[in-house]
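Below, each chain spelled out in residue letters.
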Amino acid sequence: MNRVRCDRTPAWSALQAVWQADGQDVDLRSAFEADPGRLEAFSLQAPHVYADLSKNRIDRVAQQLLLDLAQQCGLEAHRDALFSGAAINTTEDRAVMHWLLRYPASALMNQGEFATELVADSARQVHQTLDAMLAYAQAVRSDETLTDIVNIGIGGSDLGPQMAVQALDAFALAGKRLHFVSNVDGHELAAVLARVRPENTLFLVASKTFTTIETMTNAATARAWFQAQGGQDVGRHFAALTTNVAAARQFGIRTTFGFWDWVGGRYSLWSAIGLPLAIAIGEPGFRQLLAGAHAMDQHFRHAALADNLPVRLALIDLWNRNFHGFSSRSIAPYHSALRRLPAYLQQLEMESNGKRVDARGEALPFATSPVLWGEPGTNGQHAYFQMLHQGTDVVPVEFVAVRRARHDLPGHHDLLLCNAVAQAQALMLGRSDAGGHRHFTGNRPSTFLLLDDLTPASLGALIALQEHRVFVSGSLWGINSFDQWGVELGKVLARDMQARLVSGDEAGLDASTASLLRRLRAPGSATP
Ligand code: F6P
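Residues numbered from 1 in each chain as written. Predicted model: local features only at pLDDT ≥ 70, side-chain atom pairs only at ≥ 80, totals over all residues. Heavy atoms only, no water.

Trainee: Please explain the packing of helix α12 (residues 275-302) against helix α17 (residues 456-477) as it appears in this structure.
Mentor: The relative placement of two packed helices is expressed as an angle between their axes plus a distance between the axes. The interhelical angle for the contact between α12 and α17, taken along N-to-C directions, is 40°, at an axis separation of 7 Å. It follows from the interaxial angle that α12 and α17 lie oblique. Helix-helix and strand crossings are classified by hand; for α12 and α17 the assignment is right-handed. For the pair formed by α12 and α17, the contact residues are I281, G285, Q288, L289, G292, A293, M296, D297 and F300 on the first element and P456, A457, L459, G460, A461, A464, L465, H468, F471 and V472 on the second. (Axes fitted to C-alpha atoms, helices over the stretch in contact; angles between N-to-C directions. Helix = DSSP H or I, 4+ residues; strand = E, 2+ residues; numbered from the N terminus. Parallel < 35°, antiparallel > 145°, perpendicular 65-115°, else oblique. Left-handed = near helix turned anticlockwise from the far one by under 90°. Contact = heavy atoms within 4.5 Å.)

Trainee: How should the pattern of salt bridges be read in this particular structure?
Mentor: Should the charged atoms of two oppositely charged side chains come close, the side chains can pair. Summed over all chains, the structure comprises 32 salt bridges. Here R518 makes a salt bridge to E506, at a shortest N to O gap of 2.9 Å. Taken together, the residues R518 in helix α19 (residues 511-521) and E506 in the loop between α18 (488-503) and α19 connect sequence positions twelve residues apart. A residue is classified by how much of its surface remains accessible, and E506, at 28% relative accessible area, is partly exposed. (Salt bridge = Lys/Arg side-chain N within 4 Å of Asp/Glu carboxyl O. Buried < 20%, exposed > 50% of the residue type's maximum accessible area, 1.4 Å probe, protein only.)

Trainee: Before we go on, may I ask you to explain the domain arrangement of the chain in this structure?
Mentor: Size of an interface, as often reported, equals the accessible area lost when the parts are brought together. Structurally, the chain comprises domain 1 (6-96 + 292-480), domain 2 (103-280) and domain 3 (488-521). Contact between domain 1 and domain 2 buries roughly 2,300 Å² in total, counting both sides, with carbon and sulfur atoms accounting for 64%. In terms of surface lost to domain 2, no three residues of domain 1 exceed R340, Y344 and Q347, which account for 24% of the buried area on that side. At the junction of domain 1 with domain 2, the criterion picks out two salt bridges. Where R266 meets E351, a salt bridge forms, and the shortest distance between an N and an O atom there is 2.7 Å. Joining domain 1 to domain 2, the criterion identifies six residue pairs in polar contact (both at pLDDT 80 or more). When the residues that make up the side of domain 1 that touches domain 2 are grouped by side-chain class, the tally is 15 nonpolar, seven polar and seven charged. (Domains from an automatic or database assignment. Buried area = accessible area lost by both parts, 1.4 Å probe. Polar contact = N/O pair within 3.5 Å; in protein donor to acceptor, adjacent residues only side chain to side chain. Nonpolar A, V, L, I, M, F, W, Y, C, P; charged D, E, K, R; others polar.)

Trainee: How should I be thinking about the nonpolar core in this particular structure?
Mentor: The biggest cluster of nonpolar side chains holds 120 residues, and the ones touching the most others in it are L100 and L459. The biggest single contributor to this core is α12, with twelve residues. For L459, the residues in contact, after removing those within four places along its chain, are M163, A164, A167, L168, L289, L338 and L454. Listed in part, the 22 residues of the second largest apolar core include V150, V181, F251 and I253. (Core = buried A, V, L, I, M, F, W, Y, C linked by side-chain atoms within 4.5 Å.)

Trainee: Whenever I open this one, the sheet that holds strand β3 (residues 148-152) confuses me. Can you help?
Mentor: Whether parallel or antiparallel, the strands of a sheet pair through hydrogen bonds between backbone atoms. Spatially, β4-β3-β5-β6-β7 is the arrangement adopted by the five strands of the open sheet, whose pairing is parallel. A strand with exactly one partner marks an edge of an open sheet, and here the two such strands are β4 (177-181) and β7 (255-258). Taking each pair of neighbouring strands and ignoring which way they run, the sheet shows an average axis angle of 20°. Packed onto the sheet, helix α6 (residues 117-142) meets β3, β5 (201-206), β6 (238-242) and β7 and runs at close to 140° relative to β7. (Pairing = 2+ DSSP bridges.)

Trainee: What should I look at first to understand the packing of aromatic side chains in this one?
Mentor: Following the criterion strictly, the structure yields 22 aromatic pairs and no others. On the basis of an interplanar angle of 45° and a centroid distance of 5.1 Å, the ring pair of Y136 and F257 is categorised as tilted. Of this pair, Y136 sits in helix α6 while F257 sits in strand β7, and the two are 121 residues apart along the sequence. The exposure class assigned to Y136 is buried, which follows from its relative accessible area of 18%. The class for F257 is buried, based on a relative accessible area of 8%. Among the aromatic residues, ring-to-ring pairing joins F83, W99, Y103, F114, Y267, F300, F471 and F482 into one connected group. Stacked on the ring of F300, the Lys or Arg R79 has its end atom at 5.9 Å from the ring centre. (Phe/Tyr/Trp six-rings, centres within 6.5 Å; stacked < 30°, edge-to-face > 60°. Lys NZ or Arg CZ within 6 Å of the ring centre and 35° of its normal.)

Trainee: Hey, could you run me through helix α4 (residues 60-72) in this one?
Mentor: Structurally, the α-helix is built with 3.6 residues per turn, so residues lying three or four positions apart point the same way. If you check α4, its first and last C-alpha atoms are 18 Å apart, about what 13 residues at 1.5 Å a residue would give, namely 18 Å. A62, Q63, L65, L66, L67, L69 and A70 are the residues of α4 that are buried. Against α1 (10-21), α5 (75-84), α13 (309-323) and α17 lie the buried residues of α4. (Expected span 1.5 Å × (residues − 1).)

Trainee: Got a minute to help me understand the side chain of H324 in this structure?
Mentor: Mapped onto the elements of the fold, H324 is located in the loop between α13 and β8 (328-334). A distance of 2.9 Å separates a polar atom in the side chain of H324 from the backbone oxygen of R57. Dropping the residues within four chain positions of it, H324 is found in contact with W19, G23, Q24, R57 and W319.

Trainee: What am I meant to see in the sheet that holds strand β1 (residues 43-46) here?
Mentor: In spatial order, the strands read β1-β2-β11-β10-β8-β9; together these six strands make up an open sheet with mixed pairing. In this open sheet, the two edge strands, each paired with only one partner strand, are β1 and β9 (371-373). Going from strand to strand, the sheet's axes swing by 15° on average, the running direction of each strand aside. Note: β8 against β9, three bridges, orientation parallel. Across the sheet, residue R329 finds its bridge partner in β9, namely L372. Its contacts with the sheet place α13 against β1, β2 (49-52), β8, β10 (397-402) and β11 (446-451), and it is angled at close to 140° to β1.

Trainee: Can you walk me through unusual backbone geometry in this structure?
Mentor: Leaving glycine out, the prevailing phi sign among residues is negative, and the prevailing peptide bond configuration is trans. A cis amide bond links G377 with the next residue in sequence, T378, at an omega value of 5°. Of note, H48 is a non-glycine position whose phi angle comes to about 70°, a positive value. Structurally, the position occupied by H48 is in the loop between β1 and β2. Positive phi, normally seen in glycine, also occurs at N443, with a value near 60°. Relative to the helices and strands, N443 is located in the loop between α16 (412-429) and β11.

Next up, the structure:
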């Protein structure tokens, strides 16, 4: 597979020329006036998701050059390698096959669907585990004595299921309370333990590696609490979701659901890590989530680049980051059930593409992942939208709205949706009829993603869309989006610091770190 880094293509040079000439000056208001076909040229319908990209500061010439860029980078071959099960996670020598977790069982009949026997065999294992996991979820759902499910996991073992459980609350079984404990900060676990009783609680220890210190600490504390409270049967009240089944067994957990090293943590919602969601929405709901994601996979895999929504989004992301120089993107979900979407996307994109070297280890001469952040609308409007409208930095906003409400309170949803549309309009139009403090420059870019309804299927499609978009950005930038070495150093130093907290050893520490350690050890602090 021949991958070419974006800055080494002829299209990159052509884009630079276009940028210098007039690409940087695109004014959205004049662009709409000058081009009656602009909306059509910059909007797409993908499975479950309509996207209006027309309020981005890009014209058709740059758009075409970006498509050329994708082609010259070898994006299609890289995409095919992803779907063939090749080891495209080169620094860890692993395949990347989260898409296989949502591949329908019917495809198992057709061996030709899969590039290798290894992939076909993985597909069979996926469905065996999925069936077992969903049967267990159904059993938990019908066990009325289990009222509280506590998921203990962090990063990808928390953000996906937590975001999805909240997003699909309208589909959740009444009578089951789901709790998520991620932080090693004991305040989090203590607050949950104060609300549950051992005989009514199921703890799910979710960890791909089963070594993550936060999760292992929380799991051990939960088990100690369970036993101290007279809990009788760890085997019945604890289950593990992990690729390291041996470690889970050693911990004393006999109910385990496995997954594989080719599932990245931040891509693992579709695996056994999705068990809390399966308990909440049941087997049919979980299968619909997978089907929605699979529909997006098929779109990404087969649609021409120009009609391919993950590709089109990623091309605009690249234009915004590498040409306009926008360093962040604000996510504005206009649906309160999507309130954890920004946090979920932060891990997905920033852990995947927050890299300063390419896949070969060469330093990159251009910027990569932007900062993602955001809060649900309309709350954000009354907090930081001031800065989005009138601040010195331009921040592209990604609106995510849902046409149908799942409540019947009159008036609310129309008001919510009108606010989303009006904010996008205000960012673009600005206001020039007033000067000074009341002046809005406008021409501020946004993307609008619209779902008809927030269902398991549409959520699956929305998340798969974001996964593939991140893949495309990483692919064009020439980086490996599937490792996360950047999180390792802090883990090592935290272990060292723990030992120093006990011993007081300050050898080799800088003055600031040594002073902080001394303050932590001062008499009266919680630890010696
Ligand atoms: O430290 C980062 C990370 O490895 C994430 O990539 C991952 O999602 C998270 O930690 C949790 O890891 P695990 O599921 O192995 O506990």
